[in-house]
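For reference, the chains in residue letters:
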Amino acid sequence: MTSQLFDPHLQEVLDLVGIFIFALSGGLLAVRKNLDIFGIAVLAEATALGGGVIRDVLIGAVPPAAFADQIYFLTPLAAAVVVFFLHPEVARINWSVQTLDAAGLGLFCVTGTAKAHDYGLGSVASIALGMITAAGGGVIRDVLANELPSLLRWDRALYAVPALVGSAIVAGLIAGGRLNATTGTLAAMAAFAIRMLALRYDWRAPRAWQRSSSRAEE
Amino acid sequence: MTSQLFDPHLQEVLDLVGIFIFALSGGLLAVRKNLDIFGIAVLAEATALGGGVIRDVLIGAVPPAAFADQIYFLTPLAAAVVVFFLHPEVARINWSVQTLDAAGLGLFCVTGTAKAHDYGLGSVASIALGMITAAGGGVIRDVLANELPSLLRWDRALYAVPALVGSAIVAGLIAGGRLNATTGTLAAMAAFAIRMLALRYDWRAPRAWQRSSSRAEE
Amino acid sequence: MTSQLFDPHLQEVLDLVGIFIFALSGGLLAVRKNLDIFGIAVLAEATALGGGVIRDVLIGAVPPAAFADQIYFLTPLAAAVVVFFLHPEVARINWSVQTLDAAGLGLFCVTGTAKAHDYGLGSVASIALGMITAAGGGVIRDVLANELPSLLRWDRALYAVPALVGSAIVAGLIAGGRLNATTGTLAAMAAFAIRMLALRYDWRAPRAWQRSSSRAEE
């Protein structure tokens, strides 16, 4: 299994850190939307696990990995409790949260692409599933919160592009037979670096031609 | 199969009553949103069948049970017709609808948890799937209607908690080897009772710490 | 396989034309919502492939057909590029787009119903899946764009009904053992014709009884 890129224990620790951070972003949105503790928990779970669950359903790996080990369920609940009590502090350390979120983005696009390949999907489909793994949870979070997905908005720094780059590098490495713990880590770091640069310099993607000067309708 | 808790005929009657009631709630929201007869039918179907379909997709029981017997499709259509002609009357007997909805909540969290266990899931995942079975249709209803899900709102009486209690009791009964028609009924009645008390006394869950006095942003 | 109604090459060409057109509608909505090029691409992909992906997940045909051949992924990207540069022109030839969209609707309700039957589903479930194949992508498009689904709105011309008629004809043909390339084409043309008539004469479905004169709340 190429998706078992890293030592299993290291992989699990990385997964759980990524899940915890994604859950924090779901919980913080729930607080901003004035939801109750259960709303915080639901958005934390959906944000943290949603991308991987969609990937697993699409490749036929059911029940999804998130349902196989209860630690994957309990980690977002821990994040929900942290947000419930400490949301002003968590929001204040926004820079740290965004840095860790970028790390989760890098990790999940790599492992998502590799897992899709393991299940027999081609390069393009594996890249798409890597991106879904990394960014799908955030889209579910925003849809549940009745917001236009942050991923789609032109006024937010690039999010899909770093995942695309990370996933494409992994697909290239697989095609060349060179995916291993070292190269996989480098791919994750590339996605991480692009995301951090996009945040730092507020890189955005262009809107449709002839439209960039118009005001947002929404 | 522990999910075959009850006599099959009784189980089917209970399922169909629950589906009919859930479909009424979907149809009534469609009327409030001023949708046409097809919008009423789509929301009725999605609300009534959505939770069970998600559960079945996640545990790999495809095609979902709702697609295996056409009576499951036709029942929400019947509810849509009732809402189309009689919506003022249905809305007026709101208390009866909410009582029956609470009964559906109790029934579906029990059968959902038991079915997930039958498919090999652990306790925590089975509880999560019981809650998804009971409450998932309502979330799909609200997302399709472009509303913040009622389940997540702090200003609505508890809905997730009764399902959680019912599902957790069933998981405990399974772990102890004591799930049968009697104990399963008691678990459903516990969820039902908590939901009815929450409605009667307007029990709500707390919002994030230090925030309870702020106005809803939404 | 009754779903292999047509010559495989013809079928693929028809599929890709339908996918391209559906992707245009997703891309145009993204432009109206002022999304960036990645938002355009995501909505194009989701609109074009969403209905078929849901159908395949529900019948257990995973990974979905859309993930098996990269041409299905690349076609919506081509549509996204067209929309990005030429959206005023594409919007101006709205009548052509709606005509082709109606053709896609007819094609996909026929192939969706036939594929569901191939996977062992009954008549009612196959009809439902034909409608989901044809109309599901548009619902996903609108949910992602945070809009009330066009399919559900009373103030839009009939969309579900043409798909229902086409799917029901196919289910009848299958039951009578008479589904072939000719009759399947006729079913698709029936759905196409009804949709075109609905657009031409602005056919709408009734809203709930005693409500038709009230203003839309939304």
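Residues numbered from 1 in each chain as written. Chains lettered and ligands numbered in written order. Predicted model: local features only at pLDDT ≥ 70, side-chain atom pairs only at ≥ 80, totals over all residues. Heavy atoms only, no water.

K.L.:
What should I look at first to understand the UniProt feature "transmembrane region" (unreviewed entry) in chain A in this one?
P.N.:
Under the UniProt annotation, "transmembrane region" (unreviewed entry) lies at residues 12-31, 37-58, 70-87, 124-144 and 156-175 of chain A. The straight-line gap between the two end C-alpha atoms of residues 70-87 of chain A is 25 Å; of that span, 94% is helix and 0% is strand. (UniProt positions renumbered as here; feature names shortened; annotations may be inferred. Helix = DSSP H or I, 4+ residues; strand = E, 2+ residues; numbered from the N terminus.)

K.L.:
Explanation requested: helix α6 (residues 123-144) of chain A in the structure shown.
P.N.:
Since there are 3.6 residues in each turn of an α-helix, residues three or four apart along the chain are aligned in direction. Residue and element names in this part refer to chain A. Here α6 spans 31 Å end to end across 22 residues, near enough to the 32 Å set by a 1.5 Å rise per residue. The largest bend in α6 comes to about 50 degrees, at alanine 135. Here α6 lies mainly inside the structure; 17 of its 22 residues are buried. (Expected span 1.5 Å × (residues − 1). Bend = angle between axes of the 7 residues up to and from the residue. Buried < 20%, exposed > 50% of the residue type's maximum accessible area, 1.4 Å probe, protein only.)

K.L.:
For this particular structure, what's the right way to read the relation of the copies chain B and chain C?
P.N.:
For the pair chain B and chain C, the best superposition has an RMSD of 0.0 Å and corresponds to a rotation of 120 degrees with a translation of 0.0 Å parallel to the axis. The superposition operator between the copies reduces to a three-fold rotation axis. Looking at the rotation axis and the C-alpha trace of chain B, the residue lying nearest is Asn146(B), at 3.9 Å. When the interface residues of chain B are mapped onto chain C, a mere 11% of them again lie at the interface, so each copy presents a different face. (Least-squares fit on C-alpha atoms with pLDDT ≥ 70 in both. Contact = heavy atoms within 4.5 Å.)

K.L.:
What is the right way to look at unusual backbone geometry in this model?
P.N.:
Note on backbone geometry: most residues besides glycine have negative phi, and most peptide bonds are trans. Omega for the bond connecting Val62(A) with Pro63(A) falls within 30 degrees of zero, at -10 degrees, which places this linkage in the cis form. Tracing the backbone through its elements, the reader meets Pro63(A) in the loop between α2 (37-59) and α3 (65-68). In this structure, Asn34(B) takes a positive phi of about 70 degrees despite not being glycine.

K.L.:
Which parts of the structure should I look at to understand the relation of the copies chain A and chain B?
P.N.:
The operation relating the pair of chain copies consists of a rotation about an axis and a translation along that axis. After a rotation of 120 degrees and a shift along the axis of 0.0 Å, chain A superposes on chain B with an RMSD of 0.0 Å. When the interface residues of chain A are mapped onto chain B, a mere 11% of them are again interface residues, pointing to distinct binding faces.

K.L.:
How should the interface of chain B and chain C be read in this particular structure?
P.N.:
Reports often express the size of an interface as the amount of accessible area lost when the parts come together. With 28 residues of chain B at the interface, the matching set in chain C holds 32 residues. With both chains or domains summed, chain B and chain C bury close to 2600 Å², and 69% of this area falls on carbon and sulfur atoms. On the chain B side of the interface with chain C, the three residues burying the most area are Asn34(B), Asp36(B) and Phe67(B), jointly 24% of the side's total. Applying the counting rule to chain B against chain C returns zero salt bridges. One can count three residue pairs in polar contact (both at pLDDT 80 or more) joining chain B with chain C. (Buried area = accessible area lost by both parts, 1.4 Å probe. Salt bridge = Lys/Arg side-chain N within 4 Å of Asp/Glu carboxyl O. Polar contact = N/O pair within 3.5 Å; in protein donor to acceptor, adjacent residues only side chain to side chain.)

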